[in-house]
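Chain residues, written in single-letter form:
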Amino acid sequence: MKERIERLIEMTLNTCLPWITEKDGKVIFTDPLDNEEISAHYGATHMAAALLIYGRLKDRDDLVQKGEALLNSILDRWDGSRQLPGFHNDFNNFALCLIENSIDVDMAANTAGSAGNTLRERIRKAVLETADTRFDTVNWLPMRWFVNKCRYEWTNDETYKENCRLCKEKIDSATFTDGFIDDMLPKGRSFSLQYNVATVAFMQFLRISGENIDLDIQTGALLNAVCPDGDINYMGRGTNQIFAWGLWVYLLASSGQDECDRALSYLEERLPAMLENKNIFLNTQPGDEKYLWWDYHYCSVYTAHLLLWLILALRDQGAKSITPKTVTDGSSGFHIIRTEDAFVAVFDGRTEYLAERGPSVEAIWTRKYGTVFKGSFGPWYGEFGNLHICPDAVIRKHFGLMNIKTDADKNTKNKVMKKLRLASQEDAAEEVKPVFAAPRVEIADKIRITYQAEDIPVIVNIPDMNGIVTAFSGGQELKLTDALKIRDQYGWITVRQQILRSGKTVEIEVPWE
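Residues numbered from 1 in each chain as written. Predicted model: local features only at pLDDT ≥ 70, side-chain atom pairs only at ≥ 80, totals over all residues. Heavy atoms only, no water.

Notes on the packing of aromatic side chains
Inference 1: Counting across every chain of the model gives 31 aromatic pairs.
Inference 2: Relative to Y302, the ring of F243 has its centre 5.4 Å away and its plane inclined at 45°; by these criteria the two rings are tilted. Here F243 is found in helix α12 (residues 243-255), whereas its partner Y302 is found in helix α14 (residues 299-315), with 59 residues between them in sequence. Residues F243 and Y302 agree in their burial class; the two are buried.
Inference 3: For the pair F377 and F436, a centre-to-centre distance of 6.0 Å together with 55° between the ring planes defines the contact as tilted. Separated by 59 residues along the polypeptide, F377 in the loop between β6 (370-374) and α15 (391-395) and F436 in the loop between β8 (430-435) and β9 (440-443) bring together distant segments of the chain.
Inference 4: F377 sits in the buried class, given a relative accessible area of 1%.
Inference 5: Taken together, the aromatic side chains of Y42, F91, F135, W140, Y195, F243 and Y302 make up a single cluster linked through ring pairs.
Inference 6: R357 extends its terminal NZ or CZ atom over the ring of F436, reaching a point 4.3 Å from the ring centre.
Inference 7: The cationic tip of R487 hangs over the ring face of Y291; the distance from NZ or CZ to the ring centre is 4.3 Å. (Phe/Tyr/Trp six-rings, centres within 6.5 Å; stacked < 30°, edge-to-face > 60°. Helix = DSSP H or I, 4+ residues; strand = E, 2+ residues; numbered from the N terminus. Buried < 20%, exposed > 50% of the residue type's maximum accessible area, 1.4 Å probe, protein only. Lys NZ or Arg CZ within 6 Å of the ring centre and 35° of its normal.)

Here you go:
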């Protein structure tokens, strides 16, 4: 396992190193697509941490020197960077604290920045003077916890100890009894597998750092959610993004989980194309299109984040075991139905993002045909979803029923009125709305997913990777037509459709043998 993680590290490191450049005499971490450092985010601090930690692990002074140069430049510009809109306080403070914890005595004593202070002194000053992020996105809270743990160790100020307690309290309040964790408070606003992985992995890091945290049920929930193709990141706002994967490998490797082998295989197959294309999705699409990226996505940031957590996975391999426990009480609204031959994930939904609405089917897999469907929707207008949206593709990435109204619905049988309306054909339009109806799922001789259609007519809308899904109503098969091909977060997928004009029950079948 160690050698496999190292190969992924070297591949990612070799991609990132050319992005370290100089501008106006300062070392910067340049985004390969935006051609500037994304200083409000955390790519530079994570890259510096990656270079310093990996350089020490591998006795590579060249990497340590690059890391020191980048870190000193970051600290020289820190006061200006932290005033930028959207500055990621918790991520950047976390990276600095991680470096401070990893600096050896000689380095701390002998390496001085432009202000003449040692790196350790400069880091502590920056972190102590930089406030925590003011909002409580849950996957940020473990990083904030670690930062305040470090501040307390440096100062013995009880305020920081209380901040740690508050972080734990908020994470606990976002955690369901089945082990899944919402990403916003109060509960019911946002849930995504990617950010659930992040929260649990960050807390495993805290365990290894000495905190007393039980992660057995949280880890069991995630392991039970893994699609049999190896994918842990197939639903929610983070679908198929690389952000989850360094953290997932870290959680698995550091806690001694057998699942790490499959996770590494999944990455080994897909990461080379992602890196070559400068993408943040594990697919073969060109990153410079930024297709279905959210507004906050940057190639350099997510790639450096992956690199750092792979390095930490290498460093902390086997450091703190977890004994996973599975609780399937459905309290989170994320339901896994599985046998040895078939797998279905269904989500009750959240309110904050279209990508997390429901009820919705989130994944279907069979042993014979492999993955049939994964991931609903994508970025949508509103919070963080405006810059790279493709609404036609996003709205039709819904497995189930859709209401579609067109100008034809206004037609009249009155011949005079019809003639008067001829001139209005240029105003042709449609309104498409997903039907969020809770399906009944059964795995027997086939996978059967049954919906009750409240409003007729509806479109039976089936994104189908393999063309094997059939649909029935009233015992009669609906002839699904290959209506559209769309690109989603994984690649191209065929959307098969048929209109249902009568009947109330739609039964969708997926063969698994």
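Now that the structure has been shown, the text picks up again.
Side note on the sheet that holds β8
Inference 1: In spatial order, the strands read β8-β7-β11-β15-β14; together these 5 strands make up an open sheet with antiparallel pairing. Each edge of the sheet is formed by a strand with only one pairing partner; in this case those strands are β8 and β14 (481-487). This sheet shows a mean twist of 35° between the axes of neighbouring strands, independent of strand direction.
Inference 2: Across 7 bridges, strand β11 (residues 458-464) lies against strand β15 (residues 492-500) in antiparallel orientation. From the neighbouring strand, V460 faces β15, where its bridge partner is Q498. (Pairing = 2+ DSSP bridges. Axes fitted to C-alpha atoms, helices over the stretch in contact; angles between N-to-C directions.)

Some words on the side chain of Q204
Inference 1: If you trace the backbone, Q204 turns up in helix α10 (residues 193-208).
Inference 2: From its side chain, Q204 meets the backbone oxygen of K320 in a polar contact 2.9 Å long.
Inference 3: Other than its neighbours up to four places away in sequence, Q204 contacts L215, Y250, L251, S254, S255, K320 and I322. (Polar contact = N/O pair within 3.5 Å; in protein donor to acceptor, adjacent residues only side chain to side chain. Contact = heavy atoms within 4.5 Å.)

Quick look at the nonpolar core
Inference 1: Grouped together as the largest cluster of nonpolar side chains are 169 residues, with contacts concentrated most on M47, Y234, W245, W248 and F334.
Inference 2: Broken down by element, the residue count for this core peaks at 13 residues, all from α14.
Inference 3: Among residues more than four places away in sequence, those in contact with W248 are V197, L222, L223, V226, I232, E259 and A263. (Core = buried A, V, L, I, M, F, W, Y, C linked by side-chain atoms within 4.5 Å.)

Points about the sheet that holds strand β5 (residues 360-366)
Inference 1: Overall, antiparallel pairing links the 4 strands, which are arranged β3-β4-β5-β6 in an open sheet. Each edge of the open sheet carries a strand with a single partner, namely β3 (334-338) and β6. Mean inter-strand twist for the sheet, computed between neighbouring axes without regard to direction, equals 10°.
Inference 2: In the packing of helix α11 (residues 216-225) onto the sheet, the strands contacted are β3 and β4 (342-347), and the crossing angle to β3 comes to about 55°.

Overview of the pattern of salt bridges
Inference 1: According to the stated counting rule, one finds 39 salt bridges in the structure shown.
Inference 2: The salt bridge partner of D172 is K168, with a shortest N-O separation of 2.9 Å. On the criterion of helical spacing, the pair formed by D172 and K168 is a turn pair, its members being 4 residues apart in helix α9 (residues 158-173).
Inference 3: The exposure class of K168 is partly exposed, given its relative accessible area of 34%.
Inference 4: In this structure, a network of salt bridges that share partners links the residues D445, K446, R448, E507 and E509. (Salt bridge = Lys/Arg side-chain N within 4 Å of Asp/Glu carboxyl O.)

A short note on empty space enclosed by the protein
Inference 1: Taken as a whole and assessed by the stated rule, the structure comprises 3 cavities of 30 Å³ or more.
Inference 2: Roughly 90 Å³ of internal volume is contained in the largest cavity.
Inference 3: Contributions of two or more residues to the lining of the largest cavity are made by α2 (43-57) and α4 (78-81).
Inference 4: For the lining of the largest cavity, a count of residues per class yields 6 nonpolar, 5 polar and 2 charged. (1 Å grid on protein atoms, 1.4 Å probe; cavity = no way out; pocket = protein on both sides within 12 Å on 5 of 7 lines; lining within 4 Å. Points joined across faces, edges and corners; volume = space filled by probe spheres on them. Nonpolar A, V, L, I, M, F, W, Y, C, P; charged D, E, K, R; others polar.)

What about unusual backbone geometry?
Inference 1: Here the amide bond leading from L185 into P186 is cis, since omega sits at -5°, within 30 degrees of zero.
Inference 2: Take P186: it is sitting in the loop between α9 and α10.
Inference 3: Of note, the bond from G358 into P359 is cis; its omega dihedral lies within 30 degrees of zero at 5°.
Inference 4: Unlike most non-glycine residues, D59 shows phi in positive territory, near 55°.
Inference 5: For D59, the location among the structural elements is in the loop between α2 and α3 (61-76).
Inference 6: Judged by relative accessible area, which is 68%, D59 ranks as exposed.

What is shown is where atoms sit, not what they do.
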